[in-house]
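Descriptive structure summary
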Amino acid sequence: MHNILIAPRKYVQGRGALAEAGKHLKILGNKPLVLWDATVKGIVGKTLLAGLAEEGLEPVDVDFQGDCTRKEVDRVIGIIKNTGADIAVGVGGGKTLDTAKAAAIETGIRIVTCPTIASNDSPTSAASVWYDDDGNFTGFDCWPFNPDLVLVDSLVISRAPVRALVAGMGDALATWVEAKVALQTGAGNIAGGVSTAAAMAIAELGYEVLLEHGLEAKRAVENGVLTPSVEKVIEANILHSGLGFESGGLATAHMIANCLPSFGECRHLMHGEEVGFGVISQLCLDKAVSMDEVYEAVDFEVAVGLPVTFKDIGLEGVSRDRLKSIGDTCASDGSLCESHCFKVTSEAVVDAMIAADALGAERKELAGIV
Ligand SMILES: [Zn+2]
């Protein structure tokens, strides 16, 4: 397998970046289809539409129906064909962005993602996560191309709920922890190769940025301000984590996170929160990590308020029997847990989750957080 790195063609981040959307989009086409929901349009609609009009672009305004489903992507494809739109612009959260990516790839037009929250690392990636009509996760597709442009207005993101930024830190924290594991075994990345030194350096940088600026960024956003720490964490959550996960590799943290939505009690969680618990579980499973590394990660998560116990993820008192379903999925053929340099068994995963819960509870108590 060769070393492969994939990335978007352009990444733009800054205060008020959306106002300059027209300047960046006119290089790509003339007729952008803008996909967003009413809430997002209410927040950024005026600024974005004015920016497009300034450059003489003719937007096609499309109301997103709420989930990245086959039906919704087909609907957007129909609109692209009827209107002759030549750029699909997803504005909002991961589901909107993933829908725009899928519709653009399948019609051969340009892709632009404008995340309005930094809760996960989807905006730079070539992947779309699929849901069925009832909102259940059904899998994901990796497209042959990444977005042509990722446009991140940090002012918009700093004014979004702080919970989303913290969830993004959970997804980003996992990137380095998982990429390191995949590197040891030469496990394949989503790009269809193995990781490069560049992808590893980016993944590690994201981890360091979070440890240094994560708590400060959270405090700033809670106080409604956009500071250099917030900018750095937005970059870590979206760019470092996006490139790092896609061109690095995934492992148990994401495998556990992907299993949690099958528990009804976990439905309220954001993806990055599920990954946050997955990271601690993976660290408790991995023989190669030092306790310093484990404490560093768990204490960071406790400090920023990521979930580290069963209680935090809605599973207080969960039985070993129920956890076995997660263990079995993790230990199945083709699982992301195959990235580890040792065989991951169902029992070991269940033990690791129980150990993570106990560790999380103790570190929270030590930090004076109930
Ligand atoms: Zn993720």
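Moving on: the pairing of strand 3 (residues 60-63). Residue alternation in strand 3 divides its side chains into a buried set, Val-60 and Val-62, and an unburied set, Asp-61 and Asp-63. Relative to strand 3, strand 2 (residues 32-36) runs parallel, the two sharing four bridges. Looking at the pairing, Trp-36 lines up with Asp-63 of strand 3. As for the winding sense of the linkage, the β-α-β connection from strand 2 through helix 2 (residues 38-54) to strand 3 is right-handed.

With that settled, the discussion passes to the packing of aromatic side chains. Per the counting criterion, the structure on display carries two aromatic pairs. Relative to Trp-143, the ring of Trp-130 has its centre 6.5 Å away and its plane inclined at 75 degrees; by these criteria the two rings are edge-to-face. Note that Trp-130 is positioned in strand 6 (residues 127-131) and Trp-143 in the loop between strand 7 (137-142) and strand 8 (149-153), a separation of 13 residues in sequence. Judged by centre distance (5.5 Å) and plane angle (45 degrees), the ring pair of Phe-277 and Phe-310 falls under tilted. Taken together, the positions of Phe-277 in helix 10 (residues 271-285) and Phe-310 in the loop between helix 11 (291-304) and helix 12 (320-330) put the pair 33 residues apart, joining distant regions of the chain. Neither Phe-277 nor Phe-310 differs from the other in exposure class; each is buried.

At a minimum axis separation of 7 Å, helix 9 (residues 252-259) and helix 10 run at an interaxial angle of 130 degrees. Put simply, helix 9 runs oblique to helix 10. Once helix 9 is placed against helix 10, the crossing between them reads as right-handed. Where helix 9 approaches helix 10, its residues Thr-252, Ala-253, His-254, Ile-256, Ala-257 and Asn-258 are matched on the opposing element by His-271, Glu-274, Val-275, Gly-278, Val-279, Ser-281, Gln-282 and Leu-285. Considered class by class, the residues forming the contact of helix 9 with helix 10 number six nonpolar, seven polar and one charged.

Our next topic: the pattern of salt bridges. Per the counting criterion, the structure on display carries 20 salt bridges. Note that Glu-20 is salt-bridged to Lys-23, the shortest N-O span being 3.1 Å. For Glu-216, the salt bridge identified is with Arg-219, shortest N-O distance 2.6 Å. Of this pair, Glu-216 and Arg-219 both sit in helix 7 (residues 197-222), three residues apart, which is roughly one turn of the helix. Glu-216 gets classed as partly exposed once you look at its relative accessible area, which sits at 36%. Classification of Arg-219 by relative accessible area gives partly exposed; the value is 40%.

Every protein donor of the zinc ion is accounted for by Asp-171 (OD), His-254 (NE2) and His-271 (NE2), and the metal-donor separations fall at 2.1 to 2.2 Å. Sequence spacing among the residues donating to the zinc ion works out to D-x82-H-x16-H. Of this pair, His-254 sits in helix 9 while His-271 sits in helix 10; the two residues are 17 residues apart in sequence, bridging distant segments of the chain. On the basis of relative accessibility, which here comes to 6%, the residue His-254 falls in the buried class. Exposure remark for His-271: the relative accessible area of 28% places this residue in the partly exposed category.

Before going further, it helps to examine the sheet that holds strand 2. Ordered by their spatial adjacency, six strands build an open sheet running 1-8-5-4-2-3, and the pairing between neighbours is parallel. In this open sheet, the two strands that pair with only one neighbour each are strand 1 (11-14) and strand 3. Going across the sheet, the axis of each strand differs from the next one's by a mean of 15 degrees, ignoring polarity. As paired elements, strand 2 and strand 4 (residues 87-92) share four bridges and run parallel to each other. Of the residues in strand 4, the one forming a bridge with Pro-32 is Ile-87. Strands strand 2, strand 3 and strand 4 of the sheet are contacted by helix 2, whose axis makes an angle of about 160 degrees with strand 2. Contacting strand 2 and strand 3, helix 3 (residues 70-83) crosses the sheet at an angle of about 165 degrees to strand 3.

A separate point is the domain arrangement of the protein chain. Domain boundaries in the protein chain define domain 1 (11-158) and domain 2 (251-370). Look at where the C-alpha atoms of domain 1 and domain 2 centre, and you get two points 32 Å apart.

Glancing now at the environment of Phe-140. Summarising the element assignment, Phe-140 is placed in strand 7. Sequence separation of Phe-140 and Leu-35 is 105 residues, and the distance between their C-alpha atoms is 20 Å. For Phe-140, the contacting residues outside a window of four places in its chain are Ser-128, Val-129 and Trp-130.

Residues lying three or four places apart along an α-helix face the same way, a consequence of the helix completing one turn every 3.6 residues. Between the first and last C-alpha of helix 8 (residues 228-247) there are 27 Å, a value that for 20 residues agrees with the 28 Å anticipated at 1.5 Å per step. Its maximal kink placed at Ala-236, helix 8 deviates by approximately 35 degrees. Taken across its 20 residues, helix 8 has 16 buried, putting it largely inside the fold.

Each value, and the rule that gives it
Residues numbered from 1 in each chain as written. Predicted model: local features only at pLDDT ≥ 70, side-chain atom pairs only at ≥ 80, totals over all residues. Heavy atoms only, no water. Buried < 20%, exposed > 50% of the residue type's maximum accessible area, 1.4 Å probe, protein only. Helix = DSSP H or I, 4+ residues; strand = E, 2+ residues; numbered from the N terminus. Pairing = 2+ DSSP bridges. Right-handed = clockwise from strand over helix to strand, strands pointing away. Phe/Tyr/Trp six-rings, centres within 6.5 Å; stacked < 30°, edge-to-face > 60°. Axes fitted to C-alpha atoms, helices over the stretch in contact; angles between N-to-C directions. Parallel < 35°, antiparallel > 145°, perpendicular 65-115°, else oblique. Left-handed = near helix turned anticlockwise from the far one by under 90°. Contact = heavy atoms within 4.5 Å. Nonpolar A, V, L, I, M, F, W, Y, C, P; charged D, E, K, R; others polar. Salt bridge = Lys/Arg side-chain N within 4 Å of Asp/Glu carboxyl O. Donors = N, O, S within 2.8 Å, 3.2 Å for Na, K, Ca; no water. Domains from an automatic or database assignment. Expected span 1.5 Å × (residues − 1). Bend = angle between axes of the 7 residues up to and from the residue.

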